[in-house]
Amino acid sequence: MTCAAQLLTVSQKPKEEPILQDRKEDRTTGEGAGRSRRALVAGSVGNFLEWYEFGVYGYFATIIAARFFTPEGGGEVEALVRTYASFALAFFFRPVGAALFGRLGDRIGRRPVLILVIALMTGATALIGALPTYDQVGALAPWLLTFLRVIQGLSAGGEFGGAVSVMTEFAPPGRRGLYGSWQSFTVALGLLGGAGAAALLATVLTEAQLGDWGWRLPFLLTLPMGLGALWLRLRLDETPVFEEERSPVRPPPRELAGAIALGAGRVMGWAAAGYTFLVVLPSYLQSTLHASFRQALLATVLANLGFAATIVPAGLLSDRVGRRPVMLTGAVLVVVLAVPLLNLLQDEGTSNAVKGVAVCGAGAVVGLMAGPGPAMLAELFPTNVRCTGLGLAYALSNAVFSGCAGLIITKAVERTGNVDIPAYYAAATCAVSALALAKAPSRKGS
């Protein structure tokens, strides 16, 4: 059976979705509205921190490669591949974290798990900024960096399931798409924050200063941000859904595995195209199209602005017309436009303004999938397995199709010489997502 077929294997039971029902309690006024807003902020802040760090790591990939993965005589491409291998390894620990912390979140509550993962994430990220380099400690340097990336992967795996559960379970009736979209929106803000920090440093520091010590500053900055996020989560209430609606009866393993596979299939295009256009793009532009560091960062900022602009409207629209039509539109557009977009960037005769519009549009298309995605995943699973189920679906998809994106694209371009590889990769994964989404019923709020 092919990988795509496996992702589309699901339980045949007709009541697949939506499992997450709207509660009767009024969360639109008074205390209920205040708790919903606190949940939205506390859930979002961890996502911002997580993706800020992943963005910074991606934007400084070439510098990190030189400082941690380039022994004397090593090539630049080889070092970049090793850097992305470390990047991918962290993603492959996400499913482990999703299973571990998701199970805890389904047993003891969403709140304590979110507090634990933000503490782990903050500590690991800040320590990256203090690590010795290869010149200082030799081969120990990449191992230390990889260890911290593993800790980040574990904590990030628990972050998504807990945060999305909190945000959608506290959402007012008929607003799960809107509330869940803030998870994706803070991903965009985190990537923009990372790009902004990198661009600022690239502007005020010389290239030598940036490579010597300037790259450390964005990682160290996560310490005060993480402490603020921890304070917000300590004030968070447990969700009413978790406290009142848990059932001791868990779905059969086959049915749960089918829902996880279906969820992973639906979001794999979002994962792959998102990382291709929003994170891998800077290194691709530098190493393959020979753009400057500042030009690559500008392109990434524009792509992330387009991404951020469509996420919340897409989530809100999905509450009105359903998750499927909005996400399916985004997946199909990536399939159709990925190659023409990349050809525009490769064409030296294309003006910078047109290239800017193109990368902004690419980000906007990914936002159509990212906006409704969290609510769609939450609606696949009942309360007592929601953290585990949606966390694993998202983590597995990201481990394979996001974490490996930089490694696959860089290695494939190096071996084949085909500079269209990023477009083929994004289009192929979105084609599979379109097939998975086509199997979903189209209902309002589902």
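Described below are features of the structure shown in this document. For clarity, every value in this text was computed on a predicted model and none was experimentally measured.

Examining the packing of helix α6 (residues 110-128) against helix α12 (residues 222-234)
How two helices sit against one another is set out by the angle between their axes and by the gap between those axes. Put simply, α6 and α12 touch, their axes get as near as 9 Å, and they point 175 degrees apart. Taken together, α6 and α12 sit at an angle that is classed as roughly antiparallel. Here Arg111, Leu114, Ile115, Val117, Ile118, Thr122, Thr125 and Ala126 of α6 lie close against α12, whose contacting residues are Thr222, Leu223, Gly226, Ala229, Leu230, Arg233 and Leu234. When grouped by side-chain class, the residues that make up the contact of α6 with α12 number nine nonpolar, four polar and two charged.

So, the packing of aromatic side chains
All chains considered together, the criterion is met by seven aromatic pairs. When the centroid spacing of 5.7 Å and the interplanar angle of 85 degrees are considered together, the rings of phenylalanine 68 and tryptophan 215 count as edge-to-face. One end of the pair, phenylalanine 68, is in helix α3 (residues 61-68); the other, tryptophan 215, is in the loop between α10 (207-214) and α11 (216-220), and 147 residues separate them in sequence. Judged by its relative accessible area of 1%, phenylalanine 68 falls in the buried class. Between the aromatic rings of phenylalanine 160 and tyrosine 394, the centroid separation amounts to 3.6 Å while the plane-to-plane angle is 5 degrees, which identifies the pairing as stacked.

Observations regarding empty space enclosed by the protein
Unoccupied space between atoms shows up once a probe the size of one water molecule is rolled over them. Applying the stated criterion across every chain yields a total of three cavities of 30 Å³ or more. Here the largest cavity is characterised by a volume of approximately 130 Å³. In this structure, the largest cavity is lined by 15 residues; those nearest its centre are Trp51, Val187, Trp270, Tyr275 and Tyr394. Mapped by element, the contributors of at least two residues to the lining of the largest cavity are α9 (176-204), α14 (253-287) and α19 (386-401). Its residues placed into classes, the lining of the largest cavity shows 11 nonpolar, four polar and no charged.

Things to note about a nonpolar patch on the surface
A surface patch of nonpolar side chains, about 370 Å² in accessible area, is lined by Val332, Leu333, Val335, Val336 and Leu337. Take valine 335: it is sitting in helix α16 (residues 323-346).

What to know about helix α20 (residues 405-416)
End to end, α20 covers 16 Å across 12 residues, agreeing with the expected 16 Å (1.5 Å per residue, within 8%). Of all the residues in α20, the buried ones are Ala405, Gly406, Ile409, Thr410 and Val413. Taken around the axis of α20, the buried residues stretch over an arc of 115 degrees, which confines them to a single face. Of the residues in α20, the exposed ones pointing more than 90 degrees away from the buried face are Arg415 and Thr416. Downstream of α20 by one or two residues, glycine 417 has phi in the positive range, about 75 degrees.

Regarding the packing of helix α5 (residues 94-108) against α6
Where α5 contacts α6, the two axes come as close as 7 Å, and the packing angle between them is 150 degrees. Only Arg110, Pro112, Val113, Leu116, Val117 and Leu120 of α6 make contact with α5, whose side of the interface consists of Phe101, Leu104, Gly105, Asp106 and Ile108. Across the contact of α5 with α6, the residue classes tally to eight nonpolar, one polar and two charged.

Here's the deal with the side chain of glutamine 152
For glutamine 152, the position within the fold is in helix α8 (residues 140-169). At 2.8 Å, the side chain of glutamine 152 forms a polar contact with the side chain of arginine 149. Setting aside residues no more than four positions away along its own chain, glutamine 152 makes contact with Glu53, Ala124, Thr125 and Ile128.

Digging into the nonpolar core
Phe60, Phe277, Val334 and Leu377 are the most contacted members of the largest nonpolar core, which totals 103 residues. In terms of residue count, the dominant contributor to this core is α14 (17 residues). Leave out the neighbours within four places in its chain, and phenylalanine 277 touches Ala303, Val334, Ala338, Leu341, Ala362, Val366 and Ala426. The next biggest cluster of nonpolar side chains, apart from the first, holds 14 residues, and it includes Leu40, Ala171, Tyr179 and Leu236.

Considerations on the layout of surface pockets
Each pocket or cavity is described by its volume, and for the second largest pocket that value is around 460 Å³. If you trace the second largest pocket, you find 15 residues lining it, with Leu285, Ala291, Gln295, Asn352 and Lys355 closest to the centre. Of the residues belonging to the lining of the second largest pocket, the class tally is eight nonpolar, five polar and two charged.

Quick notes on the rules
- Residues numbered from 1 in each chain as written.
- Predicted model: local features only at pLDDT ≥ 70, side-chain atom pairs only at ≥ 80, totals over all residues.
- Heavy atoms only, no water.
- Axes fitted to C-alpha atoms, helices over the stretch in contact; angles between N-to-C directions.
- Helix = DSSP H or I, 4+ residues; strand = E, 2+ residues; numbered from the N terminus.
- Parallel < 35°, antiparallel > 145°, perpendicular 65-115°, else oblique.
- Contact = heavy atoms within 4.5 Å.
- Nonpolar A, V, L, I, M, F, W, Y, C, P; charged D, E, K, R; others polar.
- Phe/Tyr/Trp six-rings, centres within 6.5 Å; stacked < 30°, edge-to-face > 60°.
- Buried < 20%, exposed > 50% of the residue type's maximum accessible area, 1.4 Å probe, protein only.
- 1 Å grid on protein atoms, 1.4 Å probe; cavity = no way out; pocket = protein on both sides within 12 Å on 5 of 7 lines; lining within 4 Å.
- Points joined across faces, edges and corners; volume = space filled by probe spheres on them.
- Patch = residues over 30% accessible without salt bridge, like charges linked within 9 Å, V, L, I, M, F, W, Y side chains within 5 Å.
- Areas by Shrake-Rupley, 256 points an atom, 1.4 Å probe, with all protein chains shown as cover.
- Salt bridge = Lys/Arg side-chain N within 4 Å of Asp/Glu carboxyl O.
- Expected span 1.5 Å × (residues − 1).
- Arc of directions from axis to C-beta.
- Polar contact = N/O pair within 3.5 Å; in protein donor to acceptor, adjacent residues only side chain to side chain.
- Core = buried A, V, L, I, M, F, W, Y, C linked by side-chain atoms within 4.5 Å.

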